[in-house]
Amino acid sequence: MCRVLLKDLFTHPIAQKYLNRSGVDHAIKVAEYAVQLAVKHGVNPDLAAKAGLLHDIGHYEWYTNGEWDYEKYKKNDIHAIKGAERAHKLLIRLGEDRQYAKEIALAILLHTDSYLPENSMKKTTLQQIVRLADEMDEEPYGKHHYRKISKEEAMIKIDRLDHKIYQLLTKYRESV
Ligand SMILES: [Fe+2]
């Protein structure tokens, strides 16, 4: 079976719509960090990259009178739930392996526990990696969502990651 490339995900209109909302630069950085962490912890780098890239696609825009309303966001946000569902739908549409699609969606669902009643769930390494990668790129006041990156630079980084994952997957498959 052919691997669904990050490029296929990244260039899909649904991903473009939501990645532009929550920040393309942040999404790519988190994918890059997630791959580094995956290598370190013996996790499939392809799943880590995809979950990292798509982890914030569930964001909604919380505005009051044209201004970003942080309080409203904190109170009502369920972006991890929305993102997990959107990512799963997109992955399946592009032909992703169903078990992989589930693992990626779960890592997105659990990349933050801000919406969960309590912080007591036991998480897999992949789920922990995506959360950590997100935290590594976070800036105060959510500034990481507003950093700019050109389309050309974004595509170069995505292609570079695809190439790296292709090489890493051979090693990963030999190790499991
Ligand atoms: Fe994030």
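Above this text sits the structure in question.
Presented here is an overview of the structure given in this document. (Residues numbered from 1 in each chain as written. Predicted model: local features only at pLDDT ≥ 70, side-chain atom pairs only at ≥ 80, totals over all residues.)

What about the overall build of the chain?
So, point 1. Secondary structure assignment for the chain yields nine helices and two strands.
So, point 2. Order of helices (α) and strands (β) in the chain, N terminus to C terminus: α-α-α-α-β-β-α-α-α-α-α.
So, point 3. Here the C-alpha radius of gyration of the chain, 16 Å, is about what a compact globule of 176 residues would show, namely 16 Å.
So, point 4. Along the first, second and third principal axes, the C-alpha atoms of the chain reach 55 × 40 × 30 Å.
So, point 5. Residue burial in the chain is summarised as follows: out of 176 residues, 38% are buried.
So, point 6. Taking the intrachain contacts of the chain between residues at least 6 apart in sequence as the baseline, contacts between residues at least 24 apart amount to 71%. (Helix = DSSP H or I, 4+ residues; strand = E, 2+ residues; numbered from the N terminus. Rg over C-alpha atoms; globule rule 2.2 N^0.38 Å. Buried ≥ 20, exposed ≤ 12 C-beta atoms within 10 Å, placed from the backbone. Contact = placed C-beta atoms within 7 Å.)

Details of helix 6 (residues 79-93)
So, point 1. In this model helix 6 runs 21 Å from its N-terminal to its C-terminal C-alpha over 15 residues, within 8% of the 21 Å that 1.5 Å per residue would give.
So, point 2. Packing partners of the buried residues in helix 6 comprise helix 1 (6-11), helix 2 (13-22), helix 4 (45-54) and helix 7 (98-109).
So, point 3. Downstream of helix 6 by a residue or two, Gly95 has a phi angle that is positive, lying close to 95°. (Expected span 1.5 Å × (residues − 1).)

Some points on the environment of Leu110
So, point 1. As for its placement among the helices and strands, Leu110 is situated in the loop between helix 7 and helix 8 (125-136).
So, point 2. Taking the number of C-beta atoms within 10 Å as the measure of exposure, Leu110 has 20 and is therefore buried.
So, point 3. Along the backbone, Leu110 and Leu91 are 19 residues apart, and their C-alpha atoms lie at a distance of 18 Å.
So, point 4. Those residues in contact with Leu110, other than ones at most four positions away along the chain, are Met121, Lys123 and Gln127.

Focus on helix 8
Structural remark: α-helix, 3.6 residues per turn; residues separated by three or four positions point the same way.
So, point 1. The first and last C-alpha atoms of helix 8 sit 16 Å apart over twelve residues, in line with the 16 Å expected at 1.5 Å per residue.
So, point 2. Taken as a whole, helix 8 has its buried residues at Leu126, Gln127, Ile129, Val130, Arg131, Ala133 and Asp134.
So, point 3. Looking at the buried positions of helix 8, the neighbouring elements they touch are helix 3 (24-41), helix 4 and helix 7.

A look at the nonpolar core
So, point 1. Formed by 44 residues in total, the largest nonpolar core has its most connected members in Ala31, Ala34, Ala48, Ala51 and Ile108.
So, point 2. Residue assignment for this core shows that the elements contributing at least two residues are helix 1, helix 2, helix 3, helix 4, helix 6, helix 7, helix 8 and helix 9 (151-175).
So, point 3. The element contributing the most residues to this core is helix 3, with ten residues.
So, point 4. Those residues in contact with Ala31 that sit more than four places away from it in its chain are Leu6, Ala49, Gly52, Leu53 and Leu161. (Core = buried A, V, L, I, M, F, W, Y, C linked by C-beta atoms within 7 Å.)

Some points on the environment of Gly66
So, point 1. Mapped onto the fold, Gly66 is located in the loop between strand 1 (63-64) and strand 2 (67-68).
So, point 2. Spatially, the C-alpha atoms of Gly66 and Lys123 are 38 Å apart, while their sequence positions differ by 57 residues.

Let's talk about the packing of helix 3 against helix 9
So, point 1. At their nearest, the axes of helix 3 and helix 9 sit 11 Å apart, and the two run at 15° to each other. Here helix 9 runs roughly parallel to helix 3, going by the angle between their axes. The chirality of how helix 3 crosses helix 9 is left-handed. The residues of helix 9 that touch helix 3, namely those facing Val24, Ile28, Ala31, Glu32, Val35 and Val39, are Ala154, Lys157, Ile158, Leu161, Lys164, Ile165 and Leu168.
So, point 2. Its residues assigned to classes, the contact of helix 3 with helix 9 comprises ten nonpolar, no polar and three charged. (Axes fitted to C-alpha atoms, helices over the stretch in contact; angles between N-to-C directions. Parallel < 35°, antiparallel > 145°, perpendicular 65-115°, else oblique. Left-handed = near helix turned anticlockwise from the far one by under 90°. Nonpolar A, V, L, I, M, F, W, Y, C, P; charged D, E, K, R; others polar.)

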